[in-house]
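Below are the chains, spelled out letter by letter.
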Amino acid sequence: METVSVDSLSVSLGFKEFPVIRDVSFTLRSGETLLVLGPTGSGKSTLLLALSGVIPELIVGKVEGDIRIVGHDPASEGLRGIAGDVGIVFQDPEAQIIMDSVFEEVAFPLENFLYPKESIFERVEKCLEDTYLAPYKNEQTDTLSTGLKQRLALASVLCFKPKVLLLDEPTAHIDPKSSLAIYQILRRYKSEGGTIILVEHRLDYLEGLIDKILFLNNGRGILASNFNELLEKIPFESLTQAGIWLPFSTLKNRSELSKPVVDFSRANTTREDSVVMAEKLSVIIDQKAVLKNVSFKVSRGELLIIVGPNGSGKTTLLRVIAGLIKRYSGSVIVLGRRPALSQVAYVSQIPEHQFTERKVIEEVVSGLIAGGLSREKALKVAMKTLEDRGLSHLAESGVYEISQGEKRLISLIEMELLDRPILLLDEPTFGLDLRHTVSVLKWIESMLDKRKTVIMVTHDTWVLPLLNARLIGLSEGKIIFQGFFSDLLKQQRVWEGLNFSPPPVFREAFSSEQIEIAMREMRNAVFSTYDR
């Protein structure tokens, strides 16, 4: 039985004539999963918003063609018409959380659908347990980390068991172990007849889940049943140019034919010229200990990567260094004095949190003017920078209208132009295709070459062997690991505390030699393919 039918779908946003999506068609039966791929800004999120009825009901746009989801036409029936049959998880979890407590958020849709009180309690407890949120059920939603909010958004949708799930990068902010567990839940949902339309970059989580692939590029869609068929329909070079995260085995086979790339790793070692020092740092927020006796140093020109499970205190640590959290015990010294926002360039986990203007060009210009440039000079610098990054076409776009990946790129650019000695990056590769992700990693390398210090939080474990920086692992507010990626692979006793799961290529690498070979193969495969 067909649960989703899309025929000749075209979608335009706002009052623009040029469609973001043009003439896209596909069908899905009960229990099938469609993976939607495409470069940053190709219309993947727009497709889900049109399928859910958010466009045109809440976001102004024009939807042409025919959509049928479980017998509903979302364009005409709207969100109310498809409620109960279709669930959606947005790329930004804060866009859909409305209740004060975690328990109330998951219970809210069930209450709206008039479930019996006993059933509501039972379903909520089960969903919280499945998504590893049971310990947080009485927490206030606005105190949760972004990763926990993303798990909460998924739990609140899964609880009413919709026939179709629309998922826009549902694990982008979630730690590796929890991500794997969530995809196990989705496999069970699929086995019970649920239909899934999914946008996801991290393909190693999707084994055994995908039935069809829809590749979006320049508004057009190409449908395939698997990656082999996709490679038959679209040249390898076209897919990699679009930044598609192809399976590592495919990249490895292709990269062996190309010339080796320069080793990207850096021998980061702690030197005497420390620019950030924390000693017995502890932070309590809402009577909860978020950081506990954290001590470390970061040197000038060094890259430090912070890893750990959702809610372990990673973002809080960055915010203390940035001077945004002022109440703490212990000592924190940044460039010889107490932390202050004027000393650092802080890239927020959610790009919108740092935007102050309406248009992209004005957003980039505003920081330059604040730094002392005239408006005329700032406009020239901003446009030149956008052109150099291939983003000049976004200059007149609204900052809230562009894709999440594009928002991330703009947030990085405006912080770079502040020209501060320390960069604090909270999930800098979130929402990006692989080509743009590689460009961000190379940009980080260029910052280090300029003797800038970079402190970065990430859940993308595959970037760790590419950067090969010193790591700090946080768990329940404490540092339980310090070392390099190769050290982390050998210390499996800390994996559970960090909710760490290595990229597939490293799961059979046990000795130092095997790890080094795997790291070189991965760097060669990724950079020889995507850094062009």
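Sequence order sets the numbering: in each chain, residues are counted from 1 along the sequence as written. For this predicted model, a pLDDT threshold of at least 70 governs which residues receive local features, and a threshold of 80 or more governs which side-chain atom pairs are given and counted, while totals over whole chains, interfaces and linings are taken from all residues. Hydrogens and water are ignored here; the side-chain numbers use all heavy atoms of the structure.

Caption draft 1: Representation of the overall build of the chain. Secondary structure summary: the chain contains 19 helices and 18 strands in total. Referenced to the eigenvectors of the C-alpha coordinate spread, the extents of the chain come out at roughly 65 × 55 × 55 Å. Each residue is assigned to one of three classes by its accessible area relative to the maximum for its type, calculated with a 1.4 Å probe on protein chains only: buried under 20%, partly exposed between the two thresholds, exposed over 50%. When burial is assessed residue by residue, the chain has 57% of its 532 residues classed as buried. Only heavy atoms enter the contact rule, under which two residues are in contact if any of them lie within 4.5 Å. Of the contacts formed within the chain by residues at least 6 apart in sequence, a portion of 68% connects residues at least 24 apart. Averaging the coordinates of the 62 positive side-chain charges in the chain and doing the same for the 69 negative ones gives two points 5 Å apart. The helix and strand labels rest on DSSP assignments: H or I over at least four residues marks a helix, E over at least two residues marks a strand, and numbering proceeds from the N terminus. By the counting rule applied here, Lys and Arg register as positive and Asp and Glu as negative, while His and the ends of each chain are not counted. Lys charges are placed at NZ, Arg charges at CZ, Asp charges at CG and Glu charges at CD.

Caption draft 2: Expanded view of helix α5 (residues 117-130). The terminal C-alpha atoms of α5, which comprises 14 residues, lie 20 Å apart, in line with the 20 Å expected from a rise of 1.5 Å per residue. Those residues of α5 lying buried are I120, V124, C127 and L128. Angularly, the buried residues of α5 cover 100° about the axis, an arc narrow enough to put them on a single face. When the buried face of α5 is taken as reference, the exposed residues oriented beyond 90 degrees from it are E118, E122 and E129. Buried residues in α5 make contact with α4 (102-112) and α6 (146-158). Positive phi shows up at Y132, right after α5, with a value of about 60°. Given the number of residues in a helix, its expected span is that number minus one, multiplied by 1.5 Å. The arc in question is formed by the directions pointing from the helix axis toward the C-beta atoms.

Caption draft 3: How the structure looks around the sheet that holds strand β17 (residues 470-475). Strand pairing is defined by DSSP finding a minimum of two bridges between the two strands. In spatial order, the strands read β14-β15-β16-β12-β17-β18; together these 6 strands make up an open sheet with mixed pairing. For this open sheet the edge positions go to β14 (344-347) and β18 (478-483), each flanked by a neighbour on one side alone. With strand direction ignored, the average angle separating the axes of adjacent strands in the sheet is 15°. With 4 bridges joining them, strand β12 (residues 303-307) and strand β16 (residues 453-457) adopt parallel strand pairing. Bridging from a neighbouring strand, L303 pairs with V454 of β16. With axes taken as lines fitted to C-alpha atoms, and helix axes fitted only over the stretch in contact, angles between N-to-C directions fall between 0 and 180 degrees.

Caption draft 4: A look at the pattern of salt bridges. We count a salt bridge whenever a side-chain nitrogen from Lys or Arg sits within 4 Å of a carboxyl oxygen from Asp or Glu. One pass over the structure, following the stated rule, counts 21 salt bridges. A salt bridge links K149 to E94, with the shortest nitrogen-to-oxygen separation between them at 2.9 Å. Here E94 lies in the loop between β5 (86-89) and α4 and K149 lies in helix α6, a separation of 55 residues in the sequence. Overlapping salt bridges bring together D66, R68 and D73 as one network.

Caption draft 5: The packing of aromatic side chains, seen in detail. Note on aromatic pairs: the rings of Phe, Tyr and Trp (six-membered ring only in Trp) are paired at centre separations within 6.5 Å, and the planes decide the class, stacked below 30 degrees, edge-to-face beyond 60, tilted for the rest. As enumerated under the stated definition, the model contains 7 aromatic pairs in all. Between Y183 and Y205, the aromatic rings sit 6.0 Å apart at their centres with planes inclined by 35°, giving tilted as the arrangement. Highlighted residues: Y183 in helix α7 (residues 176-191) and Y205 in the loop between β7 (195-199) and β8 (212-217), separated in sequence by 22 residues. Residue class for Y183 comes out buried when judged on its relative accessible area of 0%. Judged by its relative accessible area of 4%, Y205 is buried.

Caption draft 6: Fine view of the side chain of R151. Mapping R151 onto the fold places it in helix α6. Judged by relative accessible area, which is 4%, R151 ranks as buried. At 3.1 Å, the side chain of R151 forms a polar contact with the side chain of N310. Excluding residues that lie within four positions of it along the chain, R151 makes contacts with T131, Y132, L133, I174, D175, S178, I182 and N310. Nitrogen and oxygen atoms within 3.5 Å of one another constitute a polar contact, given that in protein one can donate a hydrogen and the other can accept it, and given that sequence-neighbouring residues count only through two side-chain atoms.

Caption draft 7: Fine view of a negative patch on the surface. Among the surface-exposed residues, D100, E104, E111, D142 and D286 lie close enough to one another that they form a single negatively charged patch. Relative to the helices and strands, D142 is located in the loop between α5 and α6. By relative accessible area, D142 is classed as exposed at 62%. Patch rule: a residue counts if its relative accessible area is over 30% and it has no salt bridge; like charges are joined within 9 Å, and nonpolar side chains (Val, Leu, Ile, Met, Phe, Trp, Tyr) within 5 Å. Using a 1.4 Å probe, accessible areas were evaluated by the Shrake-Rupley method; residue-level cover was limited to the displayed protein chains.

Caption draft 8: Structural view of the domain arrangement of the chain. By domain assignment, the chain separates into domain 1 (2-245) and domain 2 (265-335 + 421-530). Between the C-alpha centres of domain 1 and domain 2 there is a distance of 29 Å. Between domain 1 and domain 2, the residue contacts involve 30 residues of the former and 26 residues of the latter. Buried area adds together the accessible area that both of two parts lose upon being put together, with accessible area traced by a 1.4 Å probe. Summing the contributions of domain 1 and of domain 2, the shared interface buries around 2200 Å²; its carbon and sulfur component is 53%. At the boundary of domain 1 and domain 2, one finds 0 salt bridges. Summed over the shared surface of domain 1 and domain 2, the result is 13 residue pairs in polar contact (both at pLDDT 80 or more). Among the elements that take part in the side of domain 1 that touches domain 2, α7 stands out by supplying 4 residues, more than any other. Grouping the amino acids of the side of domain 1 that touches domain 2 by side-chain chemistry returns 11 nonpolar, 12 polar and 7 charged. Domain ranges listed in this record stem from an automatic or a database domain assignment. Any residue that is not Ala, Val, Leu, Ile, Met, Phe, Trp, Tyr, Cys, Pro, Asp, Glu, Lys or Arg is counted as polar, Gly included; the first ten are nonpolar and the last four charged.

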